[in-house]
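Survey of secondary and tertiary structure
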Amino acid sequence: MDDAGIIIAFWMLAAVTVGSAFGIAAARNLIHAVVFLITTLMGLSGLYVTLSADFIAIVQILVYVGAISVLFLFAIVLTPRANR
């Protein structure tokens, strides 16, 4: 039988992950969408920890949150804005 705290943490992380995934789709600002993406990927990493898949959680943080999200942020910051 699992500990009640782990079950509660799992469902809370699942709610945060799904909520931020909907936030990505609803975001009108690209910076906000990237922040929601980082939140989604961190929530997914937390879900892996609650499922005792520690290696996959660390890889999730290093590869996706650490590399791809930072790459998105640099691309957004370094892209020149169009004149209106």
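Residues numbered from 1 in each chain as written. Predicted model: local features only at pLDDT ≥ 70, side-chain atom pairs only at ≥ 80, totals over all residues. Heavy atoms only, no water.

**Quick word on a nonpolar patch on the surface**
On the surface, Met42, Phe55, Ile56, Ile58, Val59, Ile61, Leu62, Val63, Tyr64, Ile68 and Phe72 cluster together into a nonpolar patch covering about 990 Å² of accessible area. Looking at the secondary structure, you find Val63 in helix H3 (residues 54-78). By relative accessible area, which is 40% here, Val63 ends up partly exposed. (Patch = residues over 30% accessible without salt bridge, like charges linked within 9 Å, V, L, I, M, F, W, Y side chains within 5 Å. Areas by Shrake-Rupley, 256 points an atom, 1.4 Å probe, with all protein chains shown as cover. Salt bridge = Lys/Arg side-chain N within 4 Å of Asp/Glu carboxyl O. Helix = DSSP H or I, 4+ residues; strand = E, 2+ residues; numbered from the N terminus. Buried < 20%, exposed > 50% of the residue type's maximum accessible area, 1.4 Å probe, protein only.)

**Examining the packing of helix H2 (residues 30-50) against H3**
Running from N to C, H2 and H3 cross one another at 175°; their axes reach a closest spacing of 8 Å. On the basis of their axis angle, the class for H2 and H3 is roughly antiparallel. Between H2 and H3, the contacting residues are Leu30, Ile31, Val34, Leu37, Ile38, Leu41, Met42, Leu44, Ser45, Tyr48 and Val49 on the first element and Asp54, Ile56, Ala57, Gln60, Ile61, Tyr64, Val65, Ser69, Phe72, Leu73 and Ile76 on the second. For the contact of H2 with H3, the residue count by class is 18 nonpolar, 3 polar and 1 charged. (Axes fitted to C-alpha atoms, helices over the stretch in contact; angles between N-to-C directions. Parallel < 35°, antiparallel > 145°, perpendicular 65-115°, else oblique. Contact = heavy atoms within 4.5 Å. Nonpolar A, V, L, I, M, F, W, Y, C, P; charged D, E, K, R; others polar.)

**Describing the packing of helix H1 (residues 4-26) against H2**
Where H1 meets H2, the axes come as close as 8 Å, and the angle between the chain directions of the two elements is 155°. Put simply, H1 runs roughly antiparallel to H2. The hand of the H1/H2 crossing is left-handed. Here Ile6, Ala9, Phe10, Leu13, Ala14, Val16, Thr17, Ser20, Ala21, Gly23 and Ile24 of H1 come into contact with H2, specifically with Ala33, Phe36, Leu37, Thr39, Thr40, Gly43, Leu44, Gly46, Leu47 and Thr50. For the contact of H1 with H2, the class distribution of residues is 13 nonpolar, 8 polar and no charged. (Left-handed = near helix turned anticlockwise from the far one by under 90°.)

Don't take any of this as a statement about function, it's just geometry.
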